[in-house]
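Remarks on the overall topology
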Amino acid sequence: MYGTGAAVPALIGAGIAPDDPTIRQAVRWLEDHQNPDGGWGEDCRSYDDPNWIGRGESTASQTAWALLALDAAGERSLALRRGVRWLLDTQRPDGGWDEPQFTGTGFPSDFYINYHLYRIVFPIMALGRCLR
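Parameters at a glance
- Counting starts from 1 at the beginning of each chain's written sequence and moves along it residue by residue.
- Selection of residues for local features in this predicted model requires a pLDDT of at least 70, selection of side-chain atom pairs for listing and counting requires 80 or more, and totals for whole chains, interfaces and linings are taken over all residues.
- The basis for every side-chain value is the complete set of non-hydrogen atoms in the structure, without hydrogens or water.
- The numbering of helices and of strands both runs from the N terminus, where a helix is a DSSP run of H or I of at least 4 residues and a strand a run of E of at least 2.
- With the radius of gyration taken over C-alpha atoms, the globule rule is written as 2.2 Å times the number of residues to the power 0.38.
- For every residue, the accessible area (1.4 Å probe, protein chains only) is compared with the maximum for its type, and the residue is labelled buried under 20%, exposed over 50%, or partly exposed between those bounds.
- We call two residues in contact when some of their heavy atoms are within 4.5 Å.
- Here an axis means a line fitted to C-alpha atoms, over the contact stretch when the element is a helix, while the angle between two N-to-C directions is reported on a 0 to 180 degree scale.
- Roughly parallel means an angle under 35 degrees; roughly antiparallel, over 145; roughly perpendicular, 65 to 115; everything else is oblique.
- Handedness of each helix crossing follows the sense of rotation of the near helix against the far helix: counterclockwise by less than a right angle gives left-handed, clockwise gives right-handed.
- Amino acids are sorted into nonpolar (Ala, Val, Leu, Ile, Met, Phe, Trp, Tyr, Cys and Pro), charged (Asp, Glu, Lys and Arg) and polar (every other residue, Gly among them).
- The rule for a salt bridge is simple: a side-chain nitrogen of Lys or Arg has to be within 4 Å of a carboxyl oxygen of Asp or Glu.
- Working definition of a nonpolar core: buried Ala, Val, Leu, Ile, Met, Phe, Trp, Tyr and Cys residues. They are joined through side-chain atoms within 4.5 Å.

Let's shift gears to the overall build of the chain. Helix and strand counts for the chain come out as 5 helices and 2 strands. Walking the chain from its N terminus toward its C terminus, one meets helices and strands in the order α-α-α-α-β-β-α. Computed over its C-alpha atoms, the radius of gyration of the chain comes to 14 Å, within 12% of the 14 Å expected for a compact globule of 132 residues. Along the first, second and third principal axes, the C-alpha atoms of the chain reach 35 × 35 × 25 Å. Residues classed as buried in the chain amount to 43% of the 132 residues present.

Relative to the elements of secondary structure, Val84 occurs in helix H4 (residues 78–90). Measuring from C-alpha to C-alpha, the distance between Val84 and Trp97 comes to 13 Å, with 13 residues separating the pair along the chain. The contacts of Val84, once residues within four sequence positions are left out, are Leu67, Leu127, Cys130 and Leu131.

Another point: the packing of H4 against helix H5 (residues 118–130). The N-to-C vectors of H4 and H5 enclose an angle of 130 degrees; their axes lie 11 Å apart at closest approach. By the criterion of interaxial angle, the relationship of H4 to H5 is oblique. Read as a crossing pair, H4 and H5 show a hand that is left-handed. Only Pro123, Ala126, Leu127 and Cys130 of H5 make contact with H4, whose side of the interface consists of Leu80, Val84, Leu87 and Leu88. Grouping the amino acids of the contact of H4 with H5 by side-chain chemistry returns 8 nonpolar, no polar and no charged.

Right, let's talk about the pattern of salt bridges for a bit. Considering all chains together, one arrives at 8 salt bridges under this definition. In this structure, Arg92 and Asp98 form a salt bridge, with 3.0 Å as the shortest nitrogen-oxygen distance. Since its relative accessible area comes to 27%, Arg92 is described here as partly exposed. Classification of Asp98 by relative accessible area gives exposed; the value is 55%.

In this section: the nonpolar core. Leu30, Trp40, Leu67, Leu70 and Leu87 are the most contacted members of the largest nonpolar core, which totals 27 residues. Considering every element that reaches this core, the biggest residue donor is helix H3 (residues 60–72), with 8 residues. Dropping the residues within four chain positions of it, Leu70 is found in contact with Val27, Leu30, Trp40, Glu75, Ala79 and Leu80.

This is the structure we're talking about:
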């Protein structure tokens, strides 16, 4: 999730067109891996077990990464709207999100990190982009 969420906006920023097959493939991958609740998540087990790639409990940061990629690709799809709705529905009254999952990687398969600002910064960026 992290890689796709970073690569798509970077490729678009570098001049790759949203209709490029690589971008379209990334969009399809994100749409195919959206959770039934509307969010996205990827479990750290994905480093050891390919069956977990793109699968896991929805998290605010990982949902935001997917939304930032979809937005950069020019998407205004149902997947984007469902992701925005998930972020809005799970936002706490204080404006933040709960995210106890480890979504950062120190060394794959050795240790993982919970960056406490990921769950705030990335969703705010995504909502700012997607709700404009």
